[in-house]
Amino acid sequence: MTKFNDLPSDDNSYLFDPKILKDINWENATCTFKNNISIANPGDSLVMRPLRDDDFHQDYLELLGQLTKVGKIEEETFFKRFEEMKECCGTYYIIVIEDLKNNRIIGTSSLIIEHKFIHTAGQRGRIEDVVVDNEFRGKQLGKLLVQALVLVAKKLGVYKISLECKIHNIPFYELFGFKKDEQSFMIQRFEEMY
Ligand SMILES: CC(=O)SCCNC(=O)CCNC(=O)[C@H](O)C(C)(C)COP(=O)(O)OP(=O)(O)OC[C@H]1O[C@@H](n2cnc3c(N)ncnc32)[C@H](O)[C@@H]1OP(=O)(O)O
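Scope of this entry: the structure provided in the associated data block. (Residues numbered from 1 in each chain as written. Predicted model: local features only at pLDDT ≥ 70, side-chain atom pairs only at ≥ 80, totals over all residues. Heavy atoms only, no water.)

So, unusual backbone geometry
Heads up, the condition is: Elements are defined by DSSP. Helices are runs of H or I of four residues or more, strands are runs of E of two residues or more, and each kind is numbered from the N terminus. Burial classification: accessible surface area is computed with a 1.4 Å probe over protein chains only, and a residue below 20% of its type maximum counts as buried, one above 50% as exposed, and the rest as partly exposed.
A positive phi angle, close to 55°, is found at Asn35, a residue other than glycine. Here Asn35 is to be found in the loop between α1 (19–22) and β1 (46–50). A relative accessible area of 68% places Asn35 in the exposed class. Even without being glycine, Gln140 reaches a positive phi, approximately 80°. Here Gln140 is to be found in the loop between β4 (123–132) and α5 (141–156).

Next comes the structure, spelled out in structure tokens:
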């Protein structure tokens, strides 16, 4: 059982160095946490960490299935995508909360960093794929997952961070300082391809 503070920095199976999570400055957090919940202590037998290359076996994709269509993905495909993300060093920050009692991923959130020429070769962040398992909702875990990545993005020096969400989730994201923008968001779906 690996506790948050013991997550090894030299373990190559993580998508990114766990030290990035340990170094977050929580003084910059915009939301408050009840019941002494923290990144080092998300709850009994729960640990927050970067996605790992064997999380295919910890029901990571099943959890994403509570957010949207995932499709049929074999282990080989999962591993290949994981490796591709890892090679794009400094771009993908996917974090999970694992329930160590059942070896199941019960929460996840992703930060993607876009590397630009504009804004003095700046970077912008996007928060994606936030989901907490049905049975664990309302326990401050969604807040922990999003707050952690907002603070990682800030530390990385992004000039802005954005996300898309359903209207009923707007009050949730406002907790972290997100505001509804005046700009129109445009989309074209190609889902019939899948
Ligand atoms: C960018 C994207 O990925 S958008 C997709 C977001 N994901 C989903 O819609 C998937 C289904 N929903 C979920 O997985 C969860 O309900 C989440 C991720 C939205 C929230 O996670 P939870 O762990 O349940 O929330 P958590 O307990 O941390 O915090 C909830 C807090 O936000 C507030 N809140 C406001 N709006 C909402 C909302 N729509 N849903 C949940 N909480 C909300 C609650 O009142 C609570 O405040 P409090 O702590 O002061 O009491």
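Text resumes after the structure shown.
Topic: the sheet that holds β4
Spelled out, the test is: In this scheme, strands are said to pair when DSSP sees at least two bridges between them. Simply put, an axis is a line fit to the C-alpha atoms, just over the touching stretch for a helix, and the angle between two N-to-C directions goes from 0 to 180 degrees. Whether two residues are in contact is decided by their heavy atoms, any of which lying within 4.5 Å being enough.
Spatial ordering of the open sheet is given by β1-β2-β3-β4-β5, a layout of five strands whose pairing is mixed. The sheet is open, and its two borders are formed by β1 and β5 (160–162), each paired with just one other strand. The average angle at which neighbouring strand axes cross in this sheet is 20°, direction not considered. With eight bridges connecting them, strand β3 (residues 104–115) and β4 associate as antiparallel partners. Counterpart to Glu114 in the pairing with β4 is Arg124. On the sheet, α5 packs against β1, β2 (92–99), β3, β4 and β5 and is oriented at approximately 25° with respect to β3.

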